[in-house]
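Overview (structure and organization)
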Amino acid sequence: MCPLWPFHIVILYVLALLPIFVATVNGINLGTKLKSFNVEFNFTSESRLTEHETTIVCFEVDDIDMNIPAHEFEYDAISLDDRIIEVTSNPPVVINNEKGGYFNLTGKFIGYTEVQILRRRNESQIERSKSLRVGVKRAERPIDKAFTGIIVLLVSIAFINMGCSLDLKVVKETLRRPVGPMIGFVSQFAFMPLCAFVLGLLLFPKNPELQLGLFVTGCSPGGGGSNLWTYILDGNLNLSVTMTCISTFAAFAMIPFWSFTLGRIVFSQSAIQIPYMRIVTMAAGLVVPLAVGIAIRRFLPRVADVLVKMLKPMASLFIVFIIVFGVYTNLYMFQIMGWQVFTAGFSLPFLGYCFGAVAAYLLRRPIEDVIAISVETGLQNTGIAIFLLRFTLPQPDADLNTVVPVASAIMTPLPLTIALIILKLRAWKAKSMETEKKAPSTILVAHDSITPLTYVEA
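Residues numbered from 1 in each chain as written. Predicted model: local features only at pLDDT ≥ 70, side-chain atom pairs only at ≥ 80, totals over all residues. Heavy atoms only, no water.

Under an unreviewed UniProt entry, the name given to the chain is Ileal sodium/bile acid cotransporter, and the source organism is Artemia franciscana. Quoted verbatim from the Subcellular location (unreviewed entry) field of the UniProt record, the comment on the chain reads "Membrane". Taken directly from UniProt, the Sequence similarities (unreviewed entry) text for the chain runs: "Belongs to the bile acid:sodium symporter (BASS) (TC 2.A.28) family." (UniProt positions renumbered as here; feature names shortened; annotations may be inferred.)

Below, the discussion takes up the packing of aromatic side chains. Between two aromatic rings, the relevant description is the distance of the centres plus the angle of the planes. According to the stated counting rule, one finds seven aromatic pairs in the structure shown. Taken together, a centroid distance of 4.0 Å and an interplanar angle of 0° make the contact between Phe 191 and Phe 355 stacked. Of this pair, Phe 191 sits in helix H4 (residues 179-203) while Phe 355 sits in helix H14 (residues 339-362), placing them 164 residues apart in sequence. Classification of Phe 191 by relative accessible area gives partly exposed; the value is 22%. When the centroid spacing of 5.5 Å and the interplanar angle of 70° are considered together, the rings of Phe 257 and Trp 258 count as edge-to-face. Phe 257 gets classed as partly exposed once you look at its relative accessible area, which sits at 43%. Grouping aromatic residues by their ring pairs yields a cluster made of Phe 59, Tyr 75 and Phe 103. Over the ring of Tyr 112 we find Arg 133; its NZ or CZ atom is 3.9 Å from the centre of that ring. Its guanidinium or amino end placed over the ring of Phe 299, Arg 298 lies 5.3 Å from that ring's centre, counting from NZ or CZ. (Phe/Tyr/Trp six-rings, centres within 6.5 Å; stacked < 30°, edge-to-face > 60°. Helix = DSSP H or I, 4+ residues; strand = E, 2+ residues; numbered from the N terminus. Buried < 20%, exposed > 50% of the residue type's maximum accessible area, 1.4 Å probe, protein only. Lys NZ or Arg CZ within 6 Å of the ring centre and 35° of its normal.)

The subject of this paragraph is the side chain of Thr 217. Along the chain, Thr 217 turns up in helix H5 (residues 208-218). Thr 217 has contacts with Leu 348, Gln 380, Thr 382, Ala 385, Pro 405 and Ser 408, leaving out every residue within four places of it along the chain. (Contact = heavy atoms within 4.5 Å.)

What follows is the structure, given as structure tokens:
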């Protein structure tokens, strides 16, 4: 008897039907696959529509069979995503000669989509033209210019204050034991870019714009905010400041390095030309405010002390500004922010915190160093990411790519806040237990000669 009995009957039946099923599916695919024909548009892929703007797109067919009367062909224009671009002609295509015609396109929402021409001779003969990639950008508003200008101002002030806070003696002392800074450097400039790249491929496989935004965020190491959180969580502040100093100077070389190497893949998918000079110029331009801060510390130490006191509130203001005013001026982001964007915004810093903490723990660093390395690794400088994307990319790419750094700025404090609450609860519990141990306990003792019971202090 067959060992698979009675299931062998079902298996044989499925195997017998499998060739028929495959042939049927292939037949359907062959029947629904449309032939293509060549069309020339007067609207290039470099052109951009503004939201609610309507334009006329003319086209000309290259491969018309002159033996077939032109009136036998019917043309139709379609948009592959009506949320971004809509064909607003009525009828959809107006034929003005034997070789072509025109149609109207209206921009609806920022992004990219493709427009195609369908040609019908009869119901059984339908052809599809090559795609025309069309981008839609937002209309520039005064509030957008104000947001960009304030970002530049806050980044400059933050870097000046960072330069003022750098105590080169402390940095030199910390670098004499370079294990901590080396762990931080590898975590920030090796793990985080690679992690951002992989997360982008997993979460945005068909959206290279969001991949690029996440990748640039992963290449932007922590700033003043990391020092603040290290201080709040009782980490090694000197190590945090040293790592901030190293990462700040290294970023001027490492951000262009990753953009021109691994970033090539993302740029090629998004059809965006890598703005080599702009990235280098913007990265190098950040050296100026940092050098100003270091000069103030060197020649005007009292002024530097005052500015250092402003560092913590400035870092907090920076974060709050990006979240509140940035979201208010860019409400379109919430229409793009799906679960993938928020997952990316949370996962990147969270994985950075975990990697930095585990790496430091395995290399037997003290708990204060573990906290500093963890915070410095996971907390990315979203302001730098937004700054670079806004000033190096054309529209609408800059707007689309900025969505991820803003989401990351919103989600980054969550793990740190949870960690702070846990630490506070542990400290409160430990303090309560210590208080109970120190408090005198009162017990009841029965003496043979005394009635009733008396209270005796233990």
